Amino acid sequence: MSKIGVFICHCGENINATVDCARVAKTAGELEGVEYSIDYKYMCSDPGQTLIKQAIKEKGLTGVVVGSCSPRMHEPTFRKACQEAGLNPFMCEMANLREHCSWVHDKNEATTQKAIDLVRTLVEKVKLNKPLYSIKVPVTKTALVIGGGIAGIQASLDIANAGHQVILVEKDPSIGGHMSQLSETFPTLDCSQCILTPRMVEVAQHPNIKLLTYAELEKLEGSIGNFKATIRKKAKSIDENLCNGCGTCTTKCPTKKIPSEFNTGLGTRTAIYVPFPQAVPNKPVIDKENCSYYQKGKCKVCEKVCPTGAIRFDQEDELVEIEVGAVVIATGFNIMQPSEFPEYGYGKYKDVITGLQFERLASASGPTLGEIRRPSDGKIPEKIVFVACAGSRDPAKGIPYCSKICCMYTAKHAMLYQHKVHHGKSYIFYMDIRAAGKNYEEFVRRAIVDDEVNYIRGRVSKIYEENGKLIVRGVDTLLNAKPVEIEADMVVLASAAIANPGAEELAQKMHVSYDSYHFFSEAHPKLKPVETNTAGIFLAGACQAPKDIPETVSQASGAASKAIILFSKDELSRDPLIAVVNRSPAPVFSTCVGCFMCASACPYQAIGEELITNRQGKVIKKVAKVNPGLCQGCGTCVAFCRSKSIDIQGYSNEQMCAEVVALLNND
Amino acid sequence: MNELIKKAVALLESDSVQVIIGYAEGTGTRTRAIFITRTADCENLIFDSRCVQNLAVYLTKSEIKKLGKPAIVAPIPVLRSILQLAVENQITENDLVVLGITPQSELVDFESFAAIEAFLSTHQIVIEEKYQETIREIKAMPVTERFAYWVKELEPCFKCYACRAACPLCYCTRCTVDNNQPQWISVASHPLGNLEWHIMRAMHLAGRCTDCEACYNACPMSIPIHLLTKNMLQDVTENFGTYGPSLDKLNTLSSFKPDDKESFIR
């Protein structure tokens, strides 16, 4: 015979202002099997929990229903309280009277009635609850970091320095990401590569980090603590053990006119190439798309000149399977191509470039060796116009959100220009200046006051060429809103930061959620900013939303610390709310008929097979078996099982039916 | 079908199989299933256009399994069922000998399930135009009218479960309808109970039914329950591509492909 205790929480005024909590408690007290029922102002408070504990001990309760907030908030609190009083924690259920009732309805009779119904269904469920025990799962203390930009580098170093193994996967031939392409960084104007390359080298030298460049995630299976990742190592066409990075091949390669991705198309590279001088690893790859040998079957110059015989034309992509306990996604962002805005003339006029291209022009390792020379004729521009929000904050044609970094880098660009071209004049068209951050506002002020950058508040409507000049037409919305026309030598567009192409596909591979812009979603916008909705997978950097370097690095360290916390124990304790295949007396043994539809439906590959044998070891029946380490308790298999042979512990068919019947028998 | 009888005798004599599952003369003009364990009885084997019962249903029955390894007389609907049973891990190639029969009543040997699949690829499931017409008419009805149509059609059902017994894919050890802890499906033969049973039966065959019509042929009240599965078959074909069992494909409805239509998710 059940002895259920019902505990109704007022949540201050959150529930009690809308629901008559006293009446809910009184009505619940009259339900069959309810031994004790009470309402209280804050059930989660210490005295509130004591109420529950005392009732369990004094009344000998066999089950507890707490009518309060969402189980997401306080289920662990109340289950722990029950456990302390000697009741199995899984004999405690929560009726969500706040999010599902008081917060979404007006104060009236029906709202209180709904609260009573919610409590009643849970009372019927708890009557069928069975004691359950946590599942222990071993943890693989290796982290997989996807993406070798500054986020991935920082996360890898932090995890590795904590003494754990890291596998860092980068899709390009070198780590470094966007940060390696930048010239100087705001607000201190220190050289980007000077601060980044030591970290890159540290990654390469770290004994705990295994670096896989030119590689991509193919498949991710398993769950927190025990993922199995398949990595595709794209064929580099060189033997990395033999290559000593001498660079002879890259100088002798006859195919020299390939636009360099690293230099955003402003420079060229060869078909066998190292993306930039400080690349890590500093060993070349052959770009098969552009290599004469792969395309036309003739050349092999690199093979002839290689002193160590490291060229391997027959190399094929290699799939490696690795076991990891945590995953950090640090795949970064991309920039929107401004060719989608024909009024700016990008793609039509050579001297209209993006902010990232300007970074390369200003960089000492760039195509102009750090001199600001315009792409068309190599002249130093006398007048330069920067257009902020070229795509950002433009719900009609671009993206509705703010790309966050452009205000600051545009100020930096103008400043760098003024430092390099002393007699030059620079103009910035802007909507608002968003310079929130340590020393950021001071930086922008410095650009305006010290470096005499002309800020014009207004939008650019058209850019066209006339007599070798780029005419920038816009409006100055301050000072009585006058139209402005500037004859510029070069225009730099602060194009919007967008999610990486392929982000959606990657998210689906890893079962993490993403937003409508294809940035990966954090588990909670405030309290879980580095977690994803999939346990054991964390986010770092601009793959979650546009971010600057300091923010990216902090988030990467945050993600790393989450992985380190996960690795701090040898075993993970998991809720036993998982699927189980039933067992019944001989000769049936289990009603499972072994069709294994559940196995193909399972999104976590958690279902395998089990052979039921007799005492002589003869196989009597082959049935499905759920791996408790992998099962996430989603219930897809339960819905698929025709014979109802598979059930979720704690959410069994029987319990669900009892809840439904309790709701239907509403009188 | 002297050839079939000769083959059956040879199989039993060589002890390659212990039982032949085939067709024999039944009461009146009807045929019935026969389970032959002695060579002398092989002469009772027949095959003609009256033999429409789907014999694959016996492959999963424990009473038949006890007789030993079977050889089964398998016209096309039986072949499709055999393949689907293989997809669902109910039988393996070593479990049985298939005595295939072509639409021209020729005996054909199958070395493997893959050979059956290859043969069936040239004999795709086709839903006859008369059924398509009826399905279109039913689908054109307003919801209330359609509901009333099915309540009326299903009214004569008295839950004999002959449809379940005749279906080769209803092989569960314990059917959901027999499960009373909790009792999801009402067992009574009232309109609600009948509706629940037939919806469940059809849904459990979604993506699996091979359109053999054994359920309809078995129904003593001639309720057109095969319309439900035929319609389901059409829907699955339209939404998820080709239909019919395939050994190297995962089951249509329990597997996911990135290019699956998601138009029904709102």
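Here the structure is a predicted model, which means the values were calculated and not measured.

Some thoughts on the sheet that holds strand β4 (residues 97-101) of chain B
All names here are of chain B.
- Overall, mixed pairing links the 5 strands, which are arranged β2-β1-β3-β4-β5 in an open sheet. A single partner strand is all that each edge strand has here, and the edge strands are β2 (31-36) and β5 (107-109). Between one strand axis and the next, the sheet turns by 30° as a mean value, whatever way the strands run.
- Here strand β1 (residues 19-25) pairs with strand β3 (residues 70-74) via 3 bridges, running parallel. Paired with I21 across the two strands is I72, which belongs to β3.
- On the sheet, helix α3 (residues 76-87) packs against β3 and β4 and is oriented at approximately 130° with respect to β3.

Re the sheet that holds strand β24 (residues 460-466) of chain A
Residues and elements named next belong to chain A.
- Spatially, 3 strands are ordered β24-β25-β26 in an open sheet, and the strand pairing comes out antiparallel. With one partner strand each, in any of the chains shown, β24 and β26 (482-488) form the two edges of the open sheet. For this sheet, the mean inter-axis angle between neighbouring strands, taken without regard to orientation, is 20°.
- Summarising the sheet, β24 and strand β25 (residues 469-476) pair through 6 bridges and their orientation is antiparallel. Looking across to β25, one finds that E466 is bridged to K469.

A few points about the domain arrangement of chain B
Residues and elements named next belong to chain B.
- Looking at chain B, the domain boundaries give domain 1 (2-120) and domain 2 (129-254).
- Distance from the C-alpha centre of domain 1 to the C-alpha centre of domain 2: 26 Å.
- Residue-level contacts link 19 residues of domain 1 with 15 residues of domain 2.
- Broken down by secondary-structure element, the contributors of at least two residues to the side of domain 1 that touches domain 2 are α3 and α4 (113-120).
- The leading source of residues in the side of domain 1 that touches domain 2 is α3, at 8 residues.
- A class-by-class count of the residues in the side of domain 1 that touches domain 2 yields 11 nonpolar, 6 polar and 2 charged.

Considering the interface of chain B and chain A
- Contact with chain B, which involves 18 residues of that partner, is made by 16 residues of chain A.
- Residues of the side of chain B that touches chain A, tallied by class, amount to 6 nonpolar, 10 polar and 2 charged.

Describing the pairing of β3(B)
Residue and element names in this part refer to chain B.
- In terms of burial, β3 is a largely internal element, 5 of the 5 residues being buried.
- Where burial is concerned, the two faces of β3 agree: the one with P70, I72 and A74 and the one with A71 and V73 are both buried.
- The pairing of β3 with β4 spans 4 bridges and is parallel. Counted as the bridge partner of V73 is L99 from β4.
- Running through α3, the crossover from β3 to the neighbouring parallel element β4 is right-handed.

Brief notes about the packing of helix α6 (residues 143-154) of chain B against helix α8 (residues 191-204) of chain B
All names here are of chain B.
- Direction vectors running N to C along α6 and α8 enclose 100°, while the axes themselves pass 9 Å from each other. Comparing their axes, α8 and α6 come out roughly perpendicular. Contacts between α6 and α8 involve W150, V151 and L154 from the former and P191, N194, L195 and H198 from the latter.
- Looking at the contact of α6 with α8 residue by residue, the classes come out as 5 nonpolar, 2 polar and no charged.

Rules and cut-offs
Residues numbered from 1 in each chain as written. Chains lettered and ligands numbered in written order. Predicted model: local features only at pLDDT ≥ 70, side-chain atom pairs only at ≥ 80, totals over all residues. Pairing = 2+ DSSP bridges. Helix = DSSP H or I, 4+ residues; strand = E, 2+ residues; numbered from the N terminus. Axes fitted to C-alpha atoms, helices over the stretch in contact; angles between N-to-C directions. Contact = placed C-beta atoms within 7 Å. Domains from an automatic or database assignment. Nonpolar A, V, L, I, M, F, W, Y, C, P; charged D, E, K, R; others polar. Buried ≥ 20, exposed ≤ 12 C-beta atoms within 10 Å, placed from the backbone. Right-handed = clockwise from strand over helix to strand, strands pointing away. Parallel < 35°, antiparallel > 145°, perpendicular 65-115°, else oblique.

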